[in-house]
Amino acid sequence: MVQPIKSQTYPLLPLRGTLVFPYMVTPLEVGRVRSIEAVEQTMLRDGRIVLAAQHLVATEDPQPEDIYDVGTLCEVKQLLKVPEGQIRVLVEGISRVNLEHIDDAEGYYEAFVTPVPETVGEMDRYEREALMRIVREEFEKYVRLGKKIPAEVLLTVSSIEDVHRFADTIASQLNVAFKEKQRLLEIFPVDKRLEAILGLLYREGEILSMEKNIQQRVRKQMEKAQREYYLREQIKAIQMELGERDERGSTEIDELKDKLEKAKLPKEAKAKVLHEIHRLERMAPMAAEATVVRNYIDWMLALPWSKRTKDRLDLNVAEELLDRDHFGLDKVKERILEFLAVRQLTKSSKGPILCLVGPPGVGKTSLAQSVGTALNRNFSRLSLGGVRDEAEIRGHRRTYIGSMPGRIIQTLKTVGSLNPVIVLDEVDKLASDFRGDPASALLEVLDPEQNHRFGDHYLEVPFDLSEILFITTANVLHSIPPPLRDRMEVIEIPGYTEYEKFEIARRHLWPKQLKSNGLTPEQLQISDNTIYRIIHEYTKEAGVRTLERRLGTVCRKVATEIVKGQTQSARVTVSNVHKYLGIPRYHQSQANTEDKVGVATGLAFTTVGGEILSIEVTVVDGKGKLTLTGKLGEVMRESAQAALSYLRSRAAELGIDPKFHERCDIHMHIPEGAIPKDGPSAGITIATALASALTNRPVRHELSMTGEITLRGRVLPIGGVKEKLLAAHRAGITHVLLPVDNEKDLEEIPSSVLGKLQISLVEHMDEVLGHALYPVAESEGPLPFMLPNLPAGGEPWMGERT
Ligand SMILES: Nc1ncnc2c1ncn2[C@@H]1O[C@H](COP(=O)(O)OP(=O)(O)OP(=O)(O)O)[C@@H](O)[C@H]1O
Ligand SMILES: [Mg+2]
């Protein structure tokens, strides 16, 4: 058995990165010269040697202070010399020792050691037993997890009963850093050492199970990635077989993703499209749903999310361009230039929406187009006439095949830039037959506060409309829904005067028509008078559209003649214009050439501009019936009633039989009976015609008038003064009666017209009659209805009146 241990000197073998516990039998390789010498010295003595670890593994030639103070006294069991001068020894630990001091002997170290007696600690037997059991259990778990410790060790350990041996055996088996093992070596009471071992076992157990988890997870991931890769390759192969993938191996999906990257969509939209692409990827290509999704993606990718054109900022150039394309319209052009200037200074795209209002063919659309050219922006026109469904503006929800974005978004796609000029034509036709309320959808489009996030139902993500310059056009203002009108700055373009029409024809329409019919100015000439003739007799309009068409007809006819070889050039004159245009279509309504009783000339304002309107009244014997014909509207009928009541109340002063309403029928007719007429502005004209008929005093033929009448005979202001005066001028009227309150409107009248008209401002019907009627001719007999022409039967008149 083991010999008792004394404090004495033994050869010392410094260990690197390992140590030997008591009771353990361990093989060691010894290579360092000093160490070999120490082993050899041992063999010369009693075969015992001190093994102690050095602090640092890397130290090749340790000094005494590099070695731990606690080591193990061992017995060399075997010694084997291997080639290259090394030796292999098998040692068995005997006891812990304290290294008191280390001395350098000849060629090796010697250590003077004192043995450390084996102590237990403060636990009682059972406690210690319990601790041992726990340690044993944990050790078993540790061995199972670790796989590095042979299973026999477990057997050995389970059979150890001595607590010291048990503790050291387990300590030596632990797979921990040697420094931690050294710590265990230095804990002398075995209870404490077991506790430390248990701590290490817990910690290591934890780490090992974590390792295991990580391993498993990583392995799973690897397997999944490999599986997916494999499946994808298979899909690719299948797709290639089916022809869904081109030779480069890219699919439609790849192409879509590619396009998406290039399209520079805002974040929100991009996320949405990506989501849809992923959905599409998972669908069967022939599924109906896939078509819907693909369509949607195509739409999204085709929109100009971030494409802009660069604005032309030079206002002088803009002005030049506007002047080049349009004659006159000075006020409108000025307003447009102001608008552009302000937009430029404020650097903001926000601003009022322009609304050009005027009769057809006055150049609203083409002026708006010129704004586009002047700004160097893309241009598009969107007609709102007849739009009755909100979805036309805002699009359909993407629920079925064939649903589409609204017209605004469609237009943007065609235009291809984010900041075009868009003309919304005919906004006034929108409200007249709306069903889904497109007008309120338009509010969002036109409101600068809202339209940077315009929500189209189809797109589902907001689109920025704020950089679009919207210009709207309308024929009449009153049928634009008020909230819409409120968002727009109205610029009125009234009809043209004859002179303006002539100039437009000379400068623009004629050259344009020549060119588009392939003629040169040498081949076809037209005289100024002919142009006037065409304006008068072949057109009837406020604008110049028909005029342009008539000029086109002339050009076409001449082009045919030239091609047929009948002529080489032509000149259109007043005398041969009918050859090209046929007989005159319109007879210019001309002022009456003689004064008549019961006929007064009024001025009307229609969608084609101003017109003169003659009002005829006949009074016959009867029972007080008032007949109104000529397709008169409600308001005009009421005007007639009012005029009649006024005359009754003034009968005495005017010299009319106070009972005329009982004794005669009155028939009032306004010619051109098929054309509906309405409005209050014929009031004073109706009253004049009635008064003339009732008093038998003729109306002055060169005079015409307009104004609303009240029951008291006051004359109220009316609209459309410019158009009406132009019409009067055209018709050869020389004297016009206007309500006093319309005086301000005279500013807008071209002086060429004003110079030829005598304008009288009237406030009361008495003044009107004073201007209009000739004084009573003394020689004339009693008025027809004043004749005692009563029916013989003497039937009562009352009660049959209508
Ligand atoms: N002042 C003008 N100078 C030159 N050409 C003009 C002028 N006014 C109108 N035109 C020409 O008349 C034609 C008709 O004009 P446009 O189509 O713009 O009318 P519009 O006012 O939009 O009518 P609508 O209300 O019917 O839409 C165009 O060819 C236009 O170039
Ligand atoms: Mg138009």
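Report on the accompanying structure.

Each value, and the rule that gives it
- Throughout this document, residue positions are counted from 1 along each chain, in the order its sequence is written.
- Starting at A for chains and at 1 for ligands, labels are handed out in the order in which the entities are written.
- Reporting in this predicted model follows two pLDDT cut-offs: at least 70 for local features of residues, and 80 or more for side-chain atom pairs to be given and counted; totals over whole chains, interfaces and linings ignore these cut-offs and use all residues.
- Hydrogen atoms and water are omitted, and side-chain values are computed over all heavy atoms in the structure.
- By definition, any uninterrupted DSSP run of H or I lasting at least four residues is a helix, any uninterrupted run of E lasting at least two residues is a strand, and each is numbered from the N terminus.
- Working definition: with a 1.4 Å probe on protein chains only, accessible area under 20% of the residue-type maximum means buried, over 50% means exposed, and in between means partly exposed.
- The criterion used for residue contact is that any of the two residues' heavy atoms lie within 4.5 Å.
- Computed with the Shrake-Rupley method and a 1.4 Å probe, the accessible areas treat only the protein chains shown as cover for residues.
- None of His or the chain ends enter the tally, which takes Lys and Arg as positive and Asp and Glu as negative.
- Think of each charge as sitting on NZ of Lys, CZ of Arg, CG of Asp or CD of Glu.
- The rule for a residue being near a molecule or strand is that one of its heavy atoms must lie within 4 Å of it.
- Side-chain atoms alone can form a polar contact between residues adjacent in sequence; in general such a contact is a pair of N or O atoms within 3.5 Å, and within protein one must be able to donate a hydrogen while the other accepts it.
- The criterion is simple. A nonpolar core is a set of buried Ala, Val, Leu, Ile, Met, Phe, Trp, Tyr and Cys residues joined through side-chain atoms within 4.5 Å.
- Between rings of Phe, Tyr and Trp, where Trp is taken as its six-membered ring, a pair exists when centres lie within 6.5 Å; planes separated by under 30 degrees are stacked, by over 60 edge-to-face, and by other angles tilted.
- Two limits define a charge over a ring: the Lys NZ or Arg CZ must be within 6 Å of the ring centre, and within 35 degrees of the ring normal.
- Think of a salt bridge as a Lys or Arg side-chain nitrogen and an Asp or Glu carboxyl oxygen that are within 4 Å of each other.

It is worth spelling out the overall build of the protein chain at this point. If you tally the helices and strands in the protein chain, you get 27 helices and 22 strands. Seen through its C-alpha atoms, the protein chain measures out along the principal axes to roughly 180 × 75 × 50 Å. Within the protein chain, the fraction of its 802 residues that count as buried is 46%. Once local pairs closer than 6 in sequence are excluded, the contacts in the protein chain between residues at least 24 apart make up 74%. Per element, the accessible surface of the protein chain, about 41,000 Å² overall, is 52% carbon and sulfur. Taking the average place of the 106 positive charges on the side chains of the protein chain and the average place of its 117 negative ones, the gap between the two points comes to 5 Å.

Near ligand 1 lie 20 residues; those nearest to it are Gly361, Lys364, Thr365, Ser366 and Arg545. Lys512 places a side-chain nitrogen or oxygen 3.0 Å from an oxygen atom of ligand 1. Here ligand 1 has 630 Å² of accessible area as a free molecule, and 88% of this is covered by the chains.

Judged by nonpolar contacts, the single largest core of 53 residues is most densely connected at Leu51, Val135, Phe139, Leu184 and Ile197. The element contributing the most residues to this core is helix H6 (residues 190-242), with eight residues. Residue contacts for Leu184: discarding those within four places in its chain leaves Phe21, Arg96, Ala171, Leu174, Arg193, Ala196, Ile197 and Leu200.

Right, let's get into the packing of aromatic side chains. One pass over the structure, following the stated rule, counts four aromatic pairs. One cation-aromatic arrangement involves Arg700 over Tyr774; the distance from NZ or CZ to the ring centre is 4.4 Å.

What follows deals with the pattern of salt bridges. Inspection of every chain in the model, using the stated rule, returns 47 salt bridges. Among the salt bridges present, the one from Lys272 reaches Glu276, with a minimum N-O distance of 3.6 Å. On the criterion of helical spacing, the pair formed by Lys272 and Glu276 is a turn pair, its members being four residues apart in helix H8 (residues 267-281). For the pair formed by Lys272 and Glu276, the shared burial category is buried. With a shortest N-O distance of 2.9 Å, Asp323 and Lys333 are connected by a salt bridge. Of this pair, Asp323 sits in helix H10 (residues 315-325) while Lys333 is found in helix H11 (residues 330-346), placing the two residues 10 residues apart along the sequence. Each of Lys272, Glu276, Arg279, Glu289, Arg398 and Glu460 takes part in salt bridges that share partners, so that together they form one network.

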